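So you can see what is in the structure, the chains are spelled out below.
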Amino acid sequence: MSALPLRGLRVLDLSKVLAGPLCAQYLGDMGADVVKIEAPKGGDETRGWPPFRSAEGTQTGAVFMSANRNKRSVVVDLANAQGREVVHRLARWADVAISSFGPGVATKLGVDSATLRALNPRLVCCDISGFGTVGPMRQGKGYDVILQAFAGMISITGEPDGPPVRSPFSPVDQGTGLHALIGILAALHERERTGTGSTVEASLFDTATGFLGYFLQNFWERGTEPTRAGSGHESLCPYQVFETADKPLILGVANDSLWQRFCAIAQLGGVRDDPRFATNAARVQHRGETVALVSEVLRQRKRSEWLQALDEAGIPCSPLHTLGELSAHPHTRASGMVFDYEHPALGKLSTVAQPLRFDGARTEVRRPSPMHGEHTREVLQELGYSEQEIQALSTL
């Protein structure tokens, strides 16, 4: 199997910020030809989010670079008829179109799914929104932090005695991009059977609610709101960060067999079969006592000693790495999940790979994240625009 299983697929990326661009980037990673549409002034707003890499008199935001490799950038002003015609031509060319406009904006601009699919019945459209198209919140604008709050994610995140905390890595945005990708691939598969495209809808609300599946199931069964568990888990114990004699580690005793092994290396044989601790359910019920017991014993030795002993016993554990430690770890580099490449304008860059392998091979950076409008002329020529027409478009 090739590491480019989607080669030959054509994608029109009308999205911006993170969810849509990440979805389109993954399609590009797998071989699709992705054309990203950007506004004349500034382009994708993440180009302006610090920190920056500066070159050629411009600054490019790191978030933009993280979600826009393997794409071509075309500057189009959708506010005028000529710009809309470019997108319409691209819709006829494309297999997939991805958008993330606010409610009603795509229709106003004439680039909504119904319009584009009328131009190309085989087109698979993916519409990404904040709250979806059904329900009283359908006109609401969605941002990751808003949906974390609306769906209750923030209410369950943080220390028990502290304030609610936002998850900083934008899980709702990133998860929505992945759900959009799943839907697009399913719609393409269906197109092979029917010969016609379809419209896939992905929303931040759906993603946030979906991510809370087992939390909601627990809530419905228990009938009470969960308490914030910090680094812990409401259904497992001990399963959290603990201090050692020098540095913290995280311990994951996820079943009773692991508990028995932990008691053996921690010399806790006297409490291993104590009814308060013998089963996971009992340990959860007596969480305070369990955590106090484990905390006391782990503080007696250094982290490196505990990590070695726990690893040898097959008990899940880890140091609490910083991003720098993860980046420099031998496994990270050997895995190929982080690698360096040369950007012709921005110099040497590091990037995070698509988290897949195809027959052992990672996908590659065939195109670095594009400069604003870098491929406008190239793509317009491919669409059949004359030099005179291209010049006219550039002056609008």
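Residues numbered from 1 in each chain as written. Predicted model: local features only at pLDDT ≥ 70, side-chain atom pairs only at ≥ 80, totals over all residues. Heavy atoms only, no water.

**Student:** Which parts of the structure should I look at to understand empty space enclosed by the protein?
**Tutor:** Gaps left between atoms are located by rolling a probe of water-molecule size over the structure's atoms. Counted by the stated rule, this structure contains one cavity of 30 Å³ or more. Approximately 30 Å³ is the volume found for the largest cavity. Broken down by secondary-structure element, the contributors of at least two residues to the lining of the largest cavity are strand S6 (96–99), helix H5 (113–119) and strand S7 (124–129). Ranked by the residues each element gives to the lining of the largest cavity, the list is headed by S6, at three residues. Looking at the lining of the largest cavity residue by residue, the class counts come to six nonpolar, two polar and two charged. (1 Å grid on protein atoms, 1.4 Å probe; cavity = no way out; pocket = protein on both sides within 12 Å on 5 of 7 lines; lining within 4 Å. Points joined across faces, edges and corners; volume = space filled by probe spheres on them. Helix = DSSP H or I, 4+ residues; strand = E, 2+ residues; numbered from the N terminus. Nonpolar A, V, L, I, M, F, W, Y, C, P; charged D, E, K, R; others polar.)

**Student:** Sorry if this is basic, but what is going on with the packing of aromatic side chains here?
**Tutor:** Each aromatic ring pair is characterised by the separation of its centres together with the angle its planes make. Within the structure shown, the criterion is met by six aromatic pairs. Look at Tyr214 and Phe215: their rings are 5.0 Å apart centre to centre, the planes differ by 25°, and that puts the pair in the stacked class. What makes Phe215 partly exposed here is its relative accessible area of 23%. On the basis of an interplanar angle of 45° and a centroid distance of 6.5 Å, the ring pair of Trp259 and Phe277 is categorised as tilted. With Trp259 in helix H10 (residues 256–265) and Phe277 in the loop between helix H11 (269–272) and helix H12 (280–285), this residue pair connects regions lying 18 residues apart in the sequence. According to the relative accessible area criterion, Trp259 is buried, its value standing at 0%. Through successive ring pairs, a cluster of aromatic residues spans Phe131, Phe150 and Phe205. Directly above the ring of Phe64 sits Arg47, whose terminal nitrogen or CZ lies 3.8 Å from the centroid. In this structure, Arg89 is placed above the aromatic ring of Tyr385, and the distance from its NZ or CZ to the ring centre is 3.9 Å. (Phe/Tyr/Trp six-rings, centres within 6.5 Å; stacked < 30°, edge-to-face > 60°. Buried < 20%, exposed > 50% of the residue type's maximum accessible area, 1.4 Å probe, protein only. Lys NZ or Arg CZ within 6 Å of the ring centre and 35° of its normal.)

**Student:** Could you clarify how one ought to interpret the nonpolar core in this entry?
**Tutor:** Across soluble globular proteins, you tend to see nonpolar side chains buried next to one another. Grouped together as the largest cluster of nonpolar side chains are 33 residues, with contacts concentrated most on Leu9, Val11, Leu27, Val96, Ile98, Ile128 and Ile184. Counting residues per element, the ones that place at least two in this core are helix H1 (19–29), S6, S7, helix H7 (171–194), strand S8 (199–203) and helix H8 (204–211). Every residue in contact with Ile128, bar those within four places of it in the chain, is listed here: Ala19, Gly20, Ile98, Ser99, Ser100, Phe101, Thr176, Ala180, Ala202 and Leu204. Within the second largest apolar cluster, 26 residues are counted, among which are Val76, Val87, Cys125 and Ile390. (Core = buried A, V, L, I, M, F, W, Y, C linked by side-chain atoms within 4.5 Å. Contact = heavy atoms within 4.5 Å.)

**Student:** Teacher, can you tell me more about the sheet that holds strand S11 (residues 317–319) here?
**Tutor:** Strand pairing in a sheet takes place through backbone hydrogen bonds and is either antiparallel or parallel in direction. Pairing is antiparallel across the open sheet formed by three strands, whose spatial order is S9-S10-S11. Either end of the sheet is taken by a strand with one partner, and the two such strands are strand S9 (239–243) and S11. Sheet twist, expressed as the average angle between the axes of neighbouring strands with direction ignored, equals 25°. Inspection of the sheet shows S9 paired to strand S10 (residues 248–252) by five bridges, in the antiparallel sense. Counted as the bridge partner of Tyr239 is Gly252 from S10. (Pairing = 2+ DSSP bridges. Axes fitted to C-alpha atoms, helices over the stretch in contact; angles between N-to-C directions.)

**Student:** What's the story with the sheet that holds S6 in this structure? I'm lost.
**Tutor:** Strand order in the open sheet formed by six strands is S5-S2-S1-S6-S7-S8, and the pairing between neighbours is parallel. Two strands lie at the open edges of the sheet, namely strand S5 (72–75) and S8, each paired on one side alone. Between one strand axis and the next, the sheet turns by 20° as a mean value, whatever way the strands run. As judged from the five bridges shared by S7 and S8, these two strands associate in the parallel manner. The partner of Cys125 across the bridge, within S8, is Thr199. The sheet contacts of helix H3 (residues 81–93) involve strand S1 (10–14), strand S2 (33–38) and S5, and relative to S1 the element is tilted by about 145°.

**Student:** I tried to follow helix H14 (residues 303–312) on my own but got confused; where do I start?
**Tutor:** Residues spaced three or four apart along an α-helix face the same direction, because each turn holds 3.6 residues. Turning to H14, its buried residues are Arg303, Trp306, Leu307, Ala309 and Leu310. In this structure, the buried side of H14 is in contact with S10, H10, helix H13 (287–298) and S11. Once H14 finishes, Gly314 follows within two positions and takes phi at roughly 75°, a positive value.

**Student:** Please explain the layout of surface pockets as it appears in this structure.
**Tutor:** Size it by volume and the second largest pocket reaches roughly 610 Å³. Lining of the second largest pocket is provided by 21 residues; of these, Ile156, Thr157, Ser167, Phe215 and Gly230 occupy positions nearest its centre. Class assignment of the residues belonging to the lining of the second largest pocket gives a composition of twelve nonpolar, seven polar and two charged.

**Student:** Whenever I open this one, the pairing of S10 confuses me. Can you help?
**Tutor:** Side chains on a regular strand alternate between the two faces of the sheet. In textbook terms, the turn of a hairpin is the stretch between consecutive antiparallel strands, and for S9 and S10 this stretch comprises four residues. Bridge analysis of S10 against S11 gives three bridges, and the strand direction is antiparallel. Along S11, the bridge assignment pairs Ile250 with Ser318.

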